[in-house]
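Descriptive structure summary
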Amino acid sequence: MKIGELSARTGASLRSLRYYEQQGLIKPIRQPNGYREYSSLAVEQVQTIQLYLKLGLSTEQISSFLHCVLKNKEAFCEEVLPVYQQKLEEIDRQITLLTMIRSNLVERISSITADMAHPKEDDPCNM
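What counts, and where the lines are drawn
- Residues numbered from 1 in each chain as written.
- Predicted model: local features only at pLDDT ≥ 70, side-chain atom pairs only at ≥ 80, totals over all residues.
- Heavy atoms only, no water.
- Disulfide = S-S within 2.5 Å.
- Buried < 20%, exposed > 50% of the residue type's maximum accessible area, 1.4 Å probe, protein only.
- Salt bridge = Lys/Arg side-chain N within 4 Å of Asp/Glu carboxyl O.
- Helix = DSSP H or I, 4+ residues; strand = E, 2+ residues; numbered from the N terminus.
- Axes fitted to C-alpha atoms, helices over the stretch in contact; angles between N-to-C directions.
- Parallel < 35°, antiparallel > 145°, perpendicular 65-115°, else oblique.
- Contact = heavy atoms within 4.5 Å.
- Nonpolar A, V, L, I, M, F, W, Y, C, P; charged D, E, K, R; others polar.

Let us look at the state of the cysteines. For the coordinates displayed, the defined rule picks out 1 disulfide. Across the disulfide from Cys-68 sits Cys-77; the S-S distance is 2.1 Å. The sign of the -100 degrees torsion about the S-S bond sets the Cys-68-Cys-77 disulfide as left-handed. Its relative accessible area of 16% is what places Cys-68 among the buried residues.

Scanning the entire structure with this criterion turns up 5 salt bridges. The salt bridge involving Glu-5 is made with Arg-9; its shortest N-O contact spans 3.6 Å. In this pair, Glu-5 and Arg-9 both sit in helix H1 (residues 3–10), 4 residues apart, roughly one turn of the helix. Taking the shortest distance from any N to any O, the salt bridge between Arg-30 and Glu-21 comes out at 3.8 Å.

Relative to each other, H1 and helix H2 (residues 14–22) sit at 105 degrees, their axes nearing to 9 Å. Between H1 and H2, the angle is such that the two are roughly perpendicular. Of the residues in H2, those in contact with Ile-3, Gly-4, Leu-6 and Ser-7 of H1 are Leu-14, Leu-17 and Arg-18. Among the residues making up the contact of H1 with H2, the classes are represented as 4 nonpolar, 2 polar and 1 charged.

Shape is all these values report; function is a separate question.
Printed below as a string of structure tokens:
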């Protein structure tokens, strides 16, 4: 199938498909005229890539285990679990940071709201 048909069947943009090819995630056959020709397995490959991208994984991370996952179940690919664990740790760090930022913002809002409710007479902003 041509790249346009693969795009239509998977919902992936042409640009994304070209990027996946550049990253070595999919490998079309090049016709003499330069057109890409994809096998019927490319649909499953692209859908699998999209699944992992939705989990927040990078194409580099995906490439480390994609071949194994396409041939076997995830549970039989020892490369998958460490990537998942690393991603979960990264998300936990982001949640901690965002929670701290949120707490700081709530504190600032409370402080500003309290100051607005009880303005000081000698405050230059009130003049």
